[in-house]
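Residue strings, one per chain:
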Amino acid sequence: RAISDGKPEKFQPPPKPVIIDKQKQREERRFLSPEFIPPRGRTDPLKFYIERKDMIQRRRVFNIPEFYVGHILAVTTADPYANEKTNRFVGICIQRGGKGLGATFVLRNVIEDQGVEICYELYNPRIQAIEVLKLEKRLDDNLMYLRDALPEYSTFDVNMKPVSRLEHEEVPVNKLQVRMKPKPWSKRWERPKYNIKGIKFELPESKMKAAQKWSQPWLEFDMMREYDTSKLEDKIWKEVSDGLKK
Amino acid sequence: SITGACRAIQKLTRVRVVDNSALGNTPYHRPPKCIHVYNKTGVGKVGDKILLAIKGEKKKALIVGHKMPGPTMTPRFDSNNVVLIEDNGNPTGTRIKTPIPYILRQKGEFSKVFAIARNFV
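Model, not experiment: these values are computed from the prediction.

Participant: Just give me the short version of the sheet that holds strand 3 (residues 104-111) of chain A, but keep the residues and values in it.
Facilitator: The six strands are arranged 5(A)-1(A)-2(A)-3(A)-4(A)-5(B) in an open sheet whose pairing can be described as antiparallel. Only two strands of the sheet have a single neighbouring strand rather than two, namely strand 5 (127-134) of chain A together with strand 5 (75-77) of chain B. Taken pair by pair, the neighbouring strands of this sheet meet at an average axis angle of 35°, ignoring direction. When strand 2 (residues 86-97) of chain A meets strand 3 of chain A, the two strands line up antiparallel, connected through five bridges. Bridge assignment links Cys93 of chain A to a residue of strand 3 of chain A, and that residue is Leu107 of chain A.

Spelled out as structure tokens, the structure:
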């Protein structure tokens, strides 16, 4: 460190070390799996409590990673009829359904020009491993329209390497607009009921306007359909995190 | 035109022949259709034998995948797939490129079909 002037410089103390408390950061980002939240209804909360205990028990033994619709997962299941008794399937998660122990997720992939979808149960003891290969959320909660999209949007390499990811970062959102096969589709995805943002509609303007005829703009203001889950979520999150820490 | 909600295979469903046999791959002006399902109910699922009408001939076939969602943990295909078979159970083709579900092993003695299949799901 050569001194440019002849005079001695004022003593500069070294910069204070920045302590990144990883524990705190992990706690700030909490993810409660959607199957823990009980559906609205008149069933006894005791039933959901017992189910949650069983779900926590299973999660203690087997790690179910955090994943959303649009992630690319690789699932290995135990299969008595397979060669090495295990069956590995890679695919994009298009839908997460069910509540409690019957929670399911559907993985889709196109193998040898044949589209294959498998509906897996999250808490099935036959599942041996779930790996998240690529994390990315999509613009929609339900990617069922991939069945009517061009097959290139559903093809994923079976031997894909897992993409590395930092712990405390936000899950990236992929704003991909998917191109569709020519109509007819399995469902009329252009209708506002499905509220799909991830398709690049190449339909004429008249068709898009005609589809808006089925819109129900009063639905979002309907107070009877509101289900506020914030307090429930806090309670359930405390229960689940305590159960997993033991 | 295509029918809307396609479910399991029954009489008059159009199927897709998946092996590399000559009968399945040569183009014809009518698609291969199922004319009988060898089952107590007339509905064919994976592992059932059916009678197909291809190129004006009757031929037996084995269902290896359909568009109807089956039990959980089993695959659901985007097309109704079928493998041409003789009366004694021997497959007509020599190679099957499309994936075959493992569940088929449970349904009957189809070891010759597995021998020619390349991919499994």
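Participant: Requested: an account of the sheet that holds strand 4 (residues 57-65) of chain B, with residues and values cited.
Facilitator: Sheet strands pair by backbone hydrogen bonding; their relative direction is either parallel or antiparallel. Residues and elements named next belong to chain B. On the basis of which strands lie adjacent, the open sheet formed by five strands has the order 1-6-4-3-2 and mixed pairing. Each edge of the sheet is formed by a strand with only one pairing partner; in this case those strands are strand 1 (16-17) and strand 2 (33-37). Here five bridges tie strand 4 to strand 6 (residues 81-85), and the two strands are oriented antiparallel to one another. From the neighbouring strand, Ile63 faces strand 6, where its bridge partner is Val82.

Participant: Kindly report on the interface of chain A and chain B, identifying the contributing residues and their values.
Facilitator: Listed as interface residues are 24 residues of chain A and, on the opposing side, 19 residues of chain B. In total, chain A and chain B occlude about 1,800 Å² of area from one another, counting both sides; carbon and sulfur atoms represent 56% of this. When the buried area of chain A at its contact with chain B is split by residue, Tyr81, Glu112 and Gln114 of chain A rank highest and sum to 36% of it. Our enumeration of links across chain A and chain B arrives at two salt bridges.

Participant: Go over the nonpolar core, please, and point to the residues and values.
Facilitator: Ranked by internal contacts, the top residues of the largest apolar core, which has 50 residues, are Phe105, Tyr120, Tyr145 and Leu146 of chain A. For this core, the secondary-structure elements that each account for two or more residues are helix 2 (45-61), strand 1 (72-78), strand 2, strand 3, strand 4 (114-121), strand 5 and helix 4 (230-245) of chain A. Sort the elements by how many residues they give to this core and strand 2 of chain A lands first, with five residues. Each residue touching Tyr120 of chain A, except ones within four places of it in the same chain, is listed here: Val75, Thr77, Phe89, Ala103, Thr104, Phe105, Leu107 and Ile127 of chain A together with Met73 of chain B. Core analysis: the second largest hydrophobic core is formed by 14 residues, Val18, Val83, Phe114 and Ala117 of chain B among them.

Participant: Tell me what's going on with the environment of Glu66 of chain A, and back it up with residues and numbers.
Facilitator: Residue and element names in this part refer to chain A. In this fold, Glu66 is placed in the loop between helix 2 and strand 1. Glu66 sits in the partly exposed class, given a relative accessible area of 23%. Through-space distance from the C-alpha of Glu66 to that of Leu135 is 9.7 Å; in sequence the pair is 69 residues apart.

Basis of the calculations
Residues numbered from 1 in each chain as written. Chains lettered and ligands numbered in written order. Predicted model: local features only at pLDDT ≥ 70, side-chain atom pairs only at ≥ 80, totals over all residues. Heavy atoms only, no water. Pairing = 2+ DSSP bridges. Helix = DSSP H or I, 4+ residues; strand = E, 2+ residues; numbered from the N terminus. Axes fitted to C-alpha atoms, helices over the stretch in contact; angles between N-to-C directions. Contact = heavy atoms within 4.5 Å. Buried area = accessible area lost by both parts, 1.4 Å probe. Salt bridge = Lys/Arg side-chain N within 4 Å of Asp/Glu carboxyl O. Core = buried A, V, L, I, M, F, W, Y, C linked by side-chain atoms within 4.5 Å. Buried < 20%, exposed > 50% of the residue type's maximum accessible area, 1.4 Å probe, protein only.

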